[in-house]
Amino acid sequence: MADFELTNRSKYNQNYKTSIANPEAFWGELAETNFLWKSKWNKVLEFDFLSPKIEWFKGATLNITENCIDRHLKQNGHKTAIIFEPNDPNQESEFISYIELHHRVNRFANVLKSKGVLKGDRVCIYLPMIPELAIAVLACARIGAIHSVVFAGFSATALATRIKDCDCKIVLTSDGSFRGAKTINLKAIVDEALVDCPNVSTVLVAQRIHSEITMKTNRDEWLQPLLDQASESCEAVAMDAEDPLFILYTSGSTGQPKGMVHTTAGYMVYTAYTFKTIFQYQPNDVYWCTADIGWITGHSYIVYGPLLNGATTLMFEGVPSYPDYGRFWDIVQKFKVNQFYTAPTAIRALAKQGEAFLKPYDLSSLKVIGTVGEPINEEAWHWYNTHVGQQQCPIVDTWWQTETGGILISPIPHCFSGKPTYATLPFVGIQPALMDDNGNEISDTKAEGRLCIKFPWPSIARTIWGNHERYKNTYFSAFEGYYFSGDGAKRDENGHYRITGRVDDVIIVSGHNLGTAPIEDAINEHKQVAESAIVGYPHDIKGNALYGFITLKKAVSSENHENVKKEINALISSKIGPIATLDNIQFTTGLPKTRSGKIMRRILRKIAGNDTSNLGDISTLLNPEVVQSIINQTQTK
Ligand code: WTA
């Protein structure tokens, strides 16, 4: 990527300028000189943000796995592609070379083919962070099947919803997973989900925890014997640039999650380029992103971005607290990790444990450290900078989304530095805009508004699976001609962006996006619940925690309150997953509503955050008296 490298400010300025002045020439040349194509495109970009329709490199054919694996074989076949670090530190790590990855992906792809999986079919992957997960993803891509990875912390109901939405006929899973001192029986969760998914005819099960599981005849099969019999060569299917590569679900403001569809060529070009430049990856570096492949961060920056660059990428099965809070640093030292990428919630949790857990370890291999998933508060930023980066490492606070496919706003080491709580400047090709309350773009440099992007970049999601109208309404209707992110942001006098958080009904808890509607739907299924409203409130470690204001149909005795609370959280756990349980539940006599019947969450957010000094004008509410009663209750609690 010689001409495209971003190694100093003037290179960034120059590339940024060209990418905006002539995006087609910029991305066309970058794509042509850095990737393997089976045939070339007719046009670099065609788009219309009103339909909306976005096509990059239309007409080209390629296979992303040839770019991730095959083209590195000749020169770097013996280089480690994936380091697997198991949950248990006493178990051996695994080093998978590019040659071995090639064989394992091909074998897996052949197994999928033998089960009748064809190009365009959707494959649900519900696996823990073991090598089979990355290999399954690549095996799908090898044969043009569309992978839909579901994070293995999701419940049976959430899994079933995702399987049905894109009509997967096959599910790839394991007997279970290790998470710290716990084991989780994933196969049982799949069995429960499949009661509701009659179209699934095949379940392939990787063995990980050696637990007792039930195998359903004619549907379930162990994966390993099939892999052992499969051939280690498999032709890479020619994909059109705009053929879907994967679907990944993200929460929205209604109960149904949105299956974001990412296509092949644009996603490849953008994730490869951002990985290389933002993490400043050098050929012998070891890169580690602590995310789960079940989220977009894992797709783009554990699997695709690193492998496209021939990098060594580390996959960690466990959790930061097992066997103790020094585990991350132990791993950094053990593999001499050079780039480390994690979430603010992990940083806050580790900071809280104190520096004693860091002291025994040598972190001097680190060159760049990053964060993603939510705004990082100043204190956590400084702790990260001082104790992890040892004031030697640029911090990349990367802002992006499942929908954007890759990082859109971030510091770029050596080009410009980070500043606490600022994601700073747009990446090459990205044109952010801040919109005011009247829907107009704010022209002043120093401003605050809703964050939009006014020109397509190669890895933007192309649609929501099966619901293009919802895609249009969610992202392209709030501000005509712009992609609306759902986030608010501030811009300082130097044009640096600071993301202030969601401005819609999504709450980010420990870096996980949670829509309020699905949680409320789950709560409302409790037979005693009349109505509920969920809001976020500040939490030291999670960033936000969930606060539920719940009205019961009939008053229950206060001894029974605790039981009902437990039942409500159990319901949420089973419908969505433990990540969505409430930290605080308050039973109220009513919820504040506008005269048209809309719940005033703004007021509830203030009450939950213990900030009731300025609630604004509540006299126009349908039931202003409810507000005072809720406040009185919180004060006597
Ligand atoms: C938030 C994760 C502040 C934001 C890649 C966004 C951030 C949502 C940052 C997307 C950041 C992500 N600073 N906020 N550096 N990164 N966010 O889809 O609200 O899981 O809209 O993608 O996370 O979350 P998602």
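This one's a predicted model, so the numbers in the text were calculated from it and none came from an experiment.

## Some details on the overall build of the protein
A tally of helices and strands in the protein yields 19 helices and 30 strands. Relative to the globule expectation of 26 Å for 637 residues, the C-alpha radius of gyration of the protein, 24 Å, shows essentially globular dimensions. Seen along its three principal axes, the alpha-carbon backbone of the protein occupies a region of about 75 × 65 × 55 Å. Within the protein, counting contacts between residues at least 6 apart in sequence, those at least 24 apart form 71% of the total. Element-wise, carbon and sulfur atoms account for 47% of the exposed surface of the protein, whose accessible area totals about 24700 Å². When the 62 basic and 68 acidic side-chain charges of the protein are each reduced to a single mean position, those positions are 2 Å apart.

## Brief notes about the nonpolar core
Membership of the largest hydrophobic core comes to 123 residues, with the highest contact counts inside it found for Trp27, Trp37, Phe57, Leu101, Ile125 and Tyr304. Shared between two domains, this core holds at least three residues of each, these being domain 1 (9-319 + 398-489) and domain 2 (320-397). In contact with Trp27, other than residues within four places in its own chain, are Val44, Trp56, Phe57, Val269, Tyr270, Tyr273, Val428, Gly429 and Pro458. Grouped together as the second largest cluster of nonpolar side chains are 48 residues, Ala152, Leu159, Ile247 and Val564 included.

## What about helix H18 (residues 601-608)?
Turning to H18, its buried residues number three or more, namely Arg601, Ile603, Leu604, Ile607 and Ala608. Summarising the axial view, the buried residues of H18 lie within an arc of 155 degrees, below the 170-degree limit, and thus occupy one face. Count one or two residues on from H18 and you reach Asn610, which has phi positive near 60 degrees.

## A word on the packing of helix H10 (residues 264-278) against helix H11 (residues 296-308)
Two elements in contact, H10 and H11, have axes whose closest approach is 8 Å; the angle formed by their N-to-C orientations is 85 degrees. On the basis of their axis angle, the class for H10 and H11 is roughly perpendicular. Residues Tyr267, Met268, Thr271, Ala272, Thr274 and Phe275 of H10 pack against His299, Ser300, Tyr301, Tyr304, Gly305, Pro306 and Leu308 of H11. The residue inventory of the contact of H10 with H11, partitioned by class, reads eight nonpolar, five polar and no charged.

## Describing the environment of Pro411
Relative to the elements of secondary structure, Pro411 occurs in the loop between strand E20 (395-398) and strand E21 (432-435). The class for Pro411 is buried, based on a relative accessible area of 2%. Taking the C-alpha atoms as reference, Pro411 lies 7.3 Å from Ile278; in sequence the two are 133 residues apart. Excluding anything up to four places from it in sequence, Pro411 contacts Ile278, Ile395, Val396, Asp397, Phe416, Ser417, Gly418, Ala423 and Thr424.

## Considerations on the pattern of salt bridges
Enumeration according to the criterion identifies 33 salt bridges in this entry. The partner of Lys164 in a salt bridge is Asp196, with the nearest N and O atoms 2.8 Å apart. Linking Lys164 in helix H7 (residues 156-165) with Asp196 in the loop between helix H8 (186-194) and strand E11 (202-206), this pair joins segments that are 32 residues apart in sequence. Arg601 is the salt-bridge partner of Glu520, the closest N and O atoms lying 2.7 Å from each other. A residue pair is termed long-range when its members are at least 10 positions apart, and Glu520 in helix H16 (residues 516-524) and Arg601 in helix H18 qualify at 81 residues. Of the two residues, Glu520 and Arg601, both sit in the buried class. Overlapping salt bridges, with partners in common, bring together Glu94, Glu100, Arg104 and Glu132 in one network.

## A look at the domain arrangement of the protein
Domain parsing of the protein yields domain 1 (9-319 + 398-489), domain 2 (320-397) and domain 3 (510-636). Averaged C-alpha coordinates put domain 2 and domain 3 at centres separated by 34 Å. Listed by partner, the interface residues are six residues for domain 2 and six residues for domain 3. For the domain 2 and domain 3 pair, buried surface summed over both sides reaches about 490 Å², with 54% attributable to carbon and sulfur atoms. It is Thr345, Arg348 and Glu374 that lose the most area in domain 2 upon contact with domain 3, and together they represent 65% of the buried surface on that side. The interface formed by domain 2 and domain 3 holds zero salt bridges in total. The residue makeup of the side of domain 2 that touches domain 3, split by class, is one nonpolar, two polar and three charged.

## Considering the packing of aromatic side chains
One pass over the full model with this rule turns up 48 aromatic pairs. On the numbers, 5.7 Å between centres and 45 degrees between planes, the contact of Trp37 with Phe57 is tilted. Of this pair, Trp37 sits in the loop between helix H2 (23-34) and strand E1 (43-48) while Phe57 is found in strand E2 (residues 53-58), placing the two residues 20 residues apart along the sequence. Here Trp37 falls in the buried class, since its relative accessible area comes to 18%. For Phe57, a relative accessible area of 0% corresponds to the buried category. With a centroid separation of 5.4 Å and an interplanar angle of 75 degrees, the aromatic rings of Phe47 and Phe49 are classed as edge-to-face. Judged by its relative accessible area of 5%, Phe49 is buried. Clustering of aromatic rings is evident, with ring pairs tying together Phe4, Phe26, Trp27, Trp37, Trp41, Trp56, Phe57, Tyr270, Tyr273 and Phe427. For the cation-ring pair, Arg162 lies above Phe154, with the distance from its terminal atom to the ring centre recorded as 4.3 Å. Sitting over the ring of Tyr422, Lys419 keeps its end group 4.4 Å from the ring centre.

Conventions we followed
Residues numbered from 1 in each chain as written. Predicted model: local features only at pLDDT ≥ 70, side-chain atom pairs only at ≥ 80, totals over all residues. Heavy atoms only, no water. Helix = DSSP H or I, 4+ residues; strand = E, 2+ residues; numbered from the N terminus. Rg over C-alpha atoms; globule rule 2.2 N^0.38 Å. Contact = heavy atoms within 4.5 Å. Areas by Shrake-Rupley, 256 points an atom, 1.4 Å probe, with all protein chains shown as cover. Lys, Arg positive; Asp, Glu negative; His and termini not counted. Charge placed at Lys NZ, Arg CZ, Asp CG, Glu CD. Core = buried A, V, L, I, M, F, W, Y, C linked by side-chain atoms within 4.5 Å. Buried < 20%, exposed > 50% of the residue type's maximum accessible area, 1.4 Å probe, protein only. Domains from an automatic or database assignment. Arc of directions from axis to C-beta. Axes fitted to C-alpha atoms, helices over the stretch in contact; angles between N-to-C directions. Parallel < 35°, antiparallel > 145°, perpendicular 65-115°, else oblique. Nonpolar A, V, L, I, M, F, W, Y, C, P; charged D, E, K, R; others polar. Salt bridge = Lys/Arg side-chain N within 4 Å of Asp/Glu carboxyl O. Buried area = accessible area lost by both parts, 1.4 Å probe. Phe/Tyr/Trp six-rings, centres within 6.5 Å; stacked < 30°, edge-to-face > 60°. Lys NZ or Arg CZ within 6 Å of the ring centre and 35° of its normal.

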